[in-house]
Amino acid sequence: MDVYFFFKQRTDLIRHFYDAASAPFVETKRCIDRGVPPFDDPPYDESGEPAFLAEWLQADVERELVGRAAVSMLSEALKQFFVTWERLTWTERPCAKCFKKAFESGFITGYAACFAEAFDVDWSTCPADMDVLKQVVLARNRAQHSDLVMDHLSHDEKALQAYPRPFFVRPEDEELDPNDTSFLSPTIHISREKLFEAIEHAERLTSWLQQRIEEHRHKQWTKRQADDGPS
């Protein structure tokens, strides 16, 4: 079974979903920034706030929600890639049971430990950035536990200890000193550029890992044939 084929179909869908779903919000912000219709005639206002500020902020939040949905889809697709190979290999799924300690650090760390032993995978040769993919899962987890009152999500203390310079942040937060406690925790920001970069890392990982698994399975099959000898 070509598990990567189905994974790639899902990542292509995630890319298309993000662009299609975020388009109206991106366009609203663009029109407000440039003062073009339907935002070319601001109402009279003595507050001193920029015109159509509420509409701009709402579009910004809505685009953030699209990003959170997309990164959640990517996290789940990664998990299902591992789960599918586990089901194809064993009748009863053993990884979480046999590598309980590793799974406490997340399913990517858990499956990496399990597959390293089961398929003789050397993770030092993986072409993907595993830290980026682990932060995909962290962003998904934070998105699933968002605050009803606050629109933005921030990186929690545990995540910042593991990744002092987070992958998913606004550009203005990228240069913040992680040791400076005078600042609030940086906001989780799923931009198109960072989302698509993370997807590329996920595709590199899954394509590479499937090749390693198939090579190992072929070696095992060849060894069994040799051990059995001619019929």
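If you're wondering where the values come from, they're calculated on a predicted model, not measured in any experiment.

Re a nonpolar patch on the surface
Among the surface-exposed residues, Met1, Phe5, Phe6 and Leu88 lie close enough to one another that they form a single nonpolar patch of about 420 Å² accessible area. Residue position: Phe6 is located in helix H1 (residues 3-34). You can call Phe6 partly exposed: its relative accessible area is 45%.

Observations concerning the state of the cysteines
A full pass over the atoms with the stated rule returns 1 disulfide. With no disulfide of its own, Cys126 lies closest to Cys114 among cysteine sulfurs, the gap being 16 Å. In this structure Cys126 comes out as buried when scored by relative accessible area, which is 12%.

Considering the side chain of Ser72
Mapped onto the fold, Ser72 is located in helix H2 (residues 53-89). Relative accessible area serves as the criterion here: at 13%, Ser72 is assigned to the buried category. A polar contact is formed between the side chain of Ser72 and the side chain of Gln144, at a distance of 3.4 Å.

Let's talk about the nonpolar core
Formed by 52 residues in total, the largest nonpolar core has its most connected members in Phe115, Trp123, Phe168, Leu205 and Leu209. Residue assignment for this core shows that the elements contributing at least two residues are H1, H2, helix H4 (100-103), helix H5 (107-119), helix H6 (130-143) and helix H8 (192-228). For this core, the leading source of residues is H2, giving 11 residues. Each residue touching Leu209, except ones within four places of it in the same chain, is listed here: Phe81, Phe82, Phe115, Val121 and Trp123.

Basis of the calculations
Residues numbered from 1 in each chain as written. Predicted model: local features only at pLDDT ≥ 70, side-chain atom pairs only at ≥ 80, totals over all residues. Heavy atoms only, no water. Patch = residues over 30% accessible without salt bridge, like charges linked within 9 Å, V, L, I, M, F, W, Y side chains within 5 Å. Areas by Shrake-Rupley, 256 points an atom, 1.4 Å probe, with all protein chains shown as cover. Salt bridge = Lys/Arg side-chain N within 4 Å of Asp/Glu carboxyl O. Helix = DSSP H or I, 4+ residues; strand = E, 2+ residues; numbered from the N terminus. Buried < 20%, exposed > 50% of the residue type's maximum accessible area, 1.4 Å probe, protein only. Disulfide = S-S within 2.5 Å. Polar contact = N/O pair within 3.5 Å; in protein donor to acceptor, adjacent residues only side chain to side chain. Core = buried A, V, L, I, M, F, W, Y, C linked by side-chain atoms within 4.5 Å. Contact = heavy atoms within 4.5 Å.

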